Amino acid sequence: MDLNDIPMSPHDDQAKKHALLAYLFMVLGLFTGIFWLIGAVWAMAKARDARGSMFYDHYQNIIGIFWWGLGLSLIGFVLALFFVGYLLLLGVWIWSIVKLFKGLARLTSDKPYNS
């Protein structure tokens, strides 16, 4: 019997739906900004409800992307007076894309982020 043959509990199903919504907002936020914040706040608000589900580490991923991205972007903006700031901002953007799409791929495959 494969793990995918086992039906998800309602708790896991709800956690997956909320994580998917947060990921989608974060992806939109790569281009619009405000949705980045909405996705992060959504993940922070729903993380407690997802505790104990197989998808809880997706919330940690989303929250981590937000805080690390925000901190490194602030440093990048300060350093934008020099060329290195633009490189840092580009690096943060690419890193965020990779982390978000890896998370989306794992979530839609019914897998935890870290496994």
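Residues numbered from 1 in each chain as written. Predicted model: local features only at pLDDT ≥ 70, side-chain atom pairs only at ≥ 80, totals over all residues. Heavy atoms only, no water.

A.B. asks: Give me the lowdown on helix α1 (residues 10-32), citing residues and values where you can.
C.D. replies: In this model α1 runs 33 Å from its N-terminal to its C-terminal C-alpha over 23 residues, within 8% of the 33 Å that 1.5 Å per residue would give. Those residues of α1 lying buried are Asp12, Ala15, Lys16, His18, Ala19, Ala22, Tyr23, Met26, Val27, Gly29 and Leu30. Buried residues in α1 make contact with α2 (34-50), α3 (56-79) and α4 (83-108). Just beyond α1, the residue with positive phi is glycine 33, at close to 80°. (Helix = DSSP H or I, 4+ residues; strand = E, 2+ residues; numbered from the N terminus. Expected span 1.5 Å × (residues − 1). Buried < 20%, exposed > 50% of the residue type's maximum accessible area, 1.4 Å probe, protein only. Contact = heavy atoms within 4.5 Å.)

A.B. asks: Give a detailed account of a nonpolar patch on the surface, specifying residues and quantitative values.
C.D. replies: Judged by side-chain polarity, Phe31, Leu90, Trp93, Ile94 and Val98 come together as a nonpolar surface patch covering roughly 520 Å² of accessible area. Element by element, the count of residues in the nonpolar patch is highest for α4, at 4 residues. Here valine 98 is to be found in helix α4. Using a relative accessible area of 53% as the deciding quantity, one classes valine 98 as exposed. (Patch = residues over 30% accessible without salt bridge, like charges linked within 9 Å, V, L, I, M, F, W, Y side chains within 5 Å. Areas by Shrake-Rupley, 256 points an atom, 1.4 Å probe, with all protein chains shown as cover. Salt bridge = Lys/Arg side-chain N within 4 Å of Asp/Glu carboxyl O.)

A.B. asks: Before we move on, can you summarise the nonpolar core with the specific residues and values?
C.D. replies: By size, the foremost hydrophobic cluster in this structure holds 22 residues, and its most contacted members are Tyr23, Met26, Trp36, Ala43, Tyr59, Ile62 and Leu100. Breaking this core down by element, the ones donating at least two residues are α1, α2, α3 and α4. The leading source of residues in this core is α1, at 7 residues. Contacts of tryptophan 36, omitting those with residues within four sequence positions, involve Phe25, Met26, Gly29, Leu30, Ile65, Phe66, Ser96 and Leu100. (Core = buried A, V, L, I, M, F, W, Y, C linked by side-chain atoms within 4.5 Å.)

A.B. asks: Could you give an account of the packing of α3 against α4, with specific residues and numbers?
C.D. replies: Across the interface, α3 lies against α4 with an axial gap of 8 Å and an inter-helix angle of 170°. As far as their axial angle goes, α4 and α3 are roughly antiparallel. When the residues that make up the contact of α3 with α4 are grouped by side-chain class, the tally is 14 nonpolar, 9 polar and 2 charged. (Axes fitted to C-alpha atoms, helices over the stretch in contact; angles between N-to-C directions. Parallel < 35°, antiparallel > 145°, perpendicular 65-115°, else oblique. Nonpolar A, V, L, I, M, F, W, Y, C, P; charged D, E, K, R; others polar.)

A.B. asks: Outline the environment of histidine 18, supporting the account with residue identities and numerical values.
C.D. replies: Along the chain, the position of histidine 18 falls in helix α1. Discounting residues that sit within four places of it in the chain, histidine 18 has contacts with Trp42, Lys46 and Tyr59. At 3.0 Å, the side chain of histidine 18 forms a polar contact with the side chain of glutamine 14. (Polar contact = N/O pair within 3.5 Å; in protein donor to acceptor, adjacent residues only side chain to side chain.)

Any functional reading would require information that these geometric values do not contain.
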